[in-house]
Amino acid sequence: MIKKFKSIITAKGGTGKFIRYLFVGGSAVIVDFAIFEILLLIIGADNAVNIAGYAVEPEKIANTAAVIGGFIYSFILNRSWAFRSNGSVVKQLALMAALLAINTVISNEAISFMGRRLSIPFAATKPVMQVVVAVWNYFIYDKIIYKNKGS
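Figured I'd write up the structure that's included with this text. Since the model is a prediction, treat every value here as computed from it, not as a measurement.

**Some points on the overall build of the protein chain**
Secondary structure summary: the protein chain contains 5 helices and 2 strands in total. Reading the helices (α) and strands (β) of the protein chain from amino to carboxyl end gives α-α-β-β-α-α-α. Each of the 151 residues in the protein chain was classed as buried or not, and the buried ones make up 36%. Long-range contacts, defined here as pairs at least 24 residues apart, represent 67% of the contacts in the protein chain between residues at least 6 apart.

**Focus on the environment of Pro-58**
Mapped onto the elements, Pro-58 comes out in helix 3 (residues 58-82). Along the chain, Pro-58 and Ile-42 lie 16 residues apart, while their C-alpha atoms are 9.7 Å from each other. Each residue touching Pro-58, except ones within four places of it in the same chain, is listed here: Leu-40, Ile-43, Gly-44, Ala-45, Asp-46, Asn-47, Ala-48 and Arg-116.

**Focus: a nonpolar patch on the surface**
Among the surface-exposed residues, Ile-68, Ile-72 and Ile-76 lie close enough to one another that they form a single nonpolar patch of about 270 Å² accessible area. Tracing the sequence through the fold places Ile-76 in helix 3.

**Looking at the packing of helix 2 (residues 14-43) against helix 3**
It is the contact of helix 2 with helix 3, at a shortest axis distance of 8 Å, that shows an interaxial angle of 155 degrees. Taken together, helix 2 and helix 3 sit at an angle that is classed as roughly antiparallel. With respect to the hand of their crossing, helix 2 and helix 3 are arranged in right-handed fashion.

Definitions and limits used
Residues numbered from 1 in each chain as written. Predicted model: local features only at pLDDT ≥ 70, side-chain atom pairs only at ≥ 80, totals over all residues. Heavy atoms only, no water. Helix = DSSP H or I, 4+ residues; strand = E, 2+ residues; numbered from the N terminus. Buried < 20%, exposed > 50% of the residue type's maximum accessible area, 1.4 Å probe, protein only. Contact = heavy atoms within 4.5 Å. Patch = residues over 30% accessible without salt bridge, like charges linked within 9 Å, V, L, I, M, F, W, Y side chains within 5 Å. Areas by Shrake-Rupley, 256 points an atom, 1.4 Å probe, with all protein chains shown as cover. Salt bridge = Lys/Arg side-chain N within 4 Å of Asp/Glu carboxyl O. Axes fitted to C-alpha atoms, helices over the stretch in contact; angles between N-to-C directions. Parallel < 35°, antiparallel > 145°, perpendicular 65-115°, else oblique. Left-handed = near helix turned anticlockwise from the far one by under 90°.

Any functional reading would require information that these geometric values do not contain.
Below, the structure written as structure tokens:
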């Protein structure tokens, strides 16, 4: 059983790649969520923060920092281990940064909407968005960002 699992997880593509992605993603969720919760505790969930003259909701600040922390962690592990990519680091980083920006805007607005308009606790809205983002990210990573040369 262990040999079978090891052969699946070390396989170059297919199921092995997906299992490695799930592992990296699952551990990145823990990193992301921990940063989010710690910052929300430090800032306070009810205290708007003044940034350049604009009142910014604390969940948006906490989520942005958490997404960036998770991004750095997952970029390194997805590139080197999950997708075993041989593509251009600069190109992949640029694509990942663009995806990060899109994911951050969408998740910030969704988390804020669910928390403030639907009265769902932020501790519940964040994981929902992490799952949604993880699903679409797998396909974008596999087909665009970490696509190996010659594939």
